[in-house]
Amino acid sequence: MHIVQTVTEVRRIRRSLSGTWGLVPTMGYLHEGHLSLVRRARGENDFVAASIFVNPTQFGPNEDLAAYPRDLPRDLRLLAEAGVDLVWAPPTEEVYPPGFQTYVMVEEVTKPLEGAARPGHFRGVATIVAKLFNVFQPDRAYFGQKDAQQVVVIKQMARDLDFPLEIVVCPTVREPDGLAMSSRNAYLTPEQRAAAPVLYRALSAARAAWLAGEHDGERLRQIMAGVLAAESLARVEYVSAADPTTLAELGDASHGVLLSMAVRIGRARLIDNLLLP
Ligand code: AMP
């Protein structure tokens with residue numbers, strides 16, 4: 001496994017190994033969710049690359065950039081075991097050198113949900129992912145359904161900017177009690193960790209209602225809010241029953257719906273979603 005820091009080295013290795021390439025972008029502190037993306041990429045490409053970069057431009061001024069968990073030696077061991085060929089773990093100045101001033105802004109689909117709660121977040125995400133696509137020139141790039149709006153934003157950007165690659169979306173990997181795996185789960189105390197499956201319980205309650213014929217968007221939002229309200233450690237930022245393509249809140253959810261939420265538990269801000277049908 002090649003482990004490199006500079007764009008020049010990535011390009012040199014990329015050119016020297018001809019065949020199809022899959023790319024898995026990450027912020028590190030890897031878990032089974034990340035590794036499921038790597039395994040999918042391993043099965044579908046001749047070569048697999050991963051990036052490990054805690055991207056400062058996608059964090060707001062009062063967010064957890066400095067505290068974000070990191071363990072590069074462990075990440076590199078896991079990626080090597082998973083059969084990754086190339087890892088890019090750049091220092092911040094390699095990605096954003098002094099004088100950097102070009103950003104990618106995706107418009108409508110970045111306005112609601114995470115975009116409303118975290119101003120500037122998707123400008124940072126779209127910019128780093130566009131740079132990763134330019135540097136690696138992968139045939140396929142792998143993203144988790146866990147970050148549902150991120151998938152919508154990146155697909156939109158790839159279409160609009162003519163990136164010649166396939167975006168592959170992989171299912172959310174969960175703990176046995178339903179909690180979606182996330183590097184940020186490391187912030188939870190044991191008591192908070194015990195409360196955290198409430199997100200998946202709320203989503204599951206709305207899914208059960210939808211499958212039983214409840215297709216009123218407002219009712220689905222109420223069902224999720226009701227389950228979350230019963231957990232005293234959970235502070236709800238939003239609950240949503242939105243159109244899976246436009247991300248606009250739905251009245252009539254009969255044709256399909258993206259159920260999603262952001263909830264603070266302790267100092268962790270947790271997000272989760274289910275896509276129906
Ligand atoms: P992150 O390191 O949190 O930026 O995540 C890197 C990639 O892994 C993103 O495409 C995420 O959507 C994906 N990912 C994170 N958690 C999960 C999970 N529990 N299941 C599947 N994919 C995930």
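Before reading further, recall that the structure is shown in the block above.
Residues numbered from 1 in each chain as written. Predicted model: local features only at pLDDT ≥ 70, side-chain atom pairs only at ≥ 80, totals over all residues. Heavy atoms only, no water.

What to know about the pattern of salt bridges
Here comes step 1: According to the stated counting rule, one finds 14 salt bridges in the structure shown.
Here comes step 2: Put simply, R42 and D85 hold a salt bridge, and the shortest N to O gap is 3.0 Å. Linking R42 in helix α2 (residues 32-44) with D85 in the loop between α3 (72-81) and β4 (86-88), this pair joins segments that are 43 residues apart in sequence.
Here comes step 3: A salt bridge links E166 to R140; its shortest N-O distance comes to 3.1 Å. Placement of E166 in strand β6 (residues 166-170) and of R140 in strand β5 (residues 140-144) is noted, with a sequence separation of 26 residues between them.
Here comes step 4: Judged by its relative accessible area of 41%, E166 is partly exposed. (Salt bridge = Lys/Arg side-chain N within 4 Å of Asp/Glu carboxyl O. Helix = DSSP H or I, 4+ residues; strand = E, 2+ residues; numbered from the N terminus. Buried < 20%, exposed > 50% of the residue type's maximum accessible area, 1.4 Å probe, protein only.)

A closer look at unusual backbone geometry
Here comes step 1: Cis geometry marks the peptide bond from L276 to P277; its omega dihedral reads 5 degrees.
Here comes step 2: Along the chain, the position of P277 falls in the segment after β9 (268-276).
Here comes step 3: Despite not being glycine, Q137 shows a phi value in the positive range, around 45 degrees.
Here comes step 4: Tracing the sequence through the fold places Q137 in the loop between α6 (121-136) and β5.
Here comes step 5: For L247, which is not glycine, the phi torsion reads 70 degrees and is therefore positive.
Here comes step 6: Along the chain, L247 falls in the loop between β7 (234-242) and β8 (257-265).

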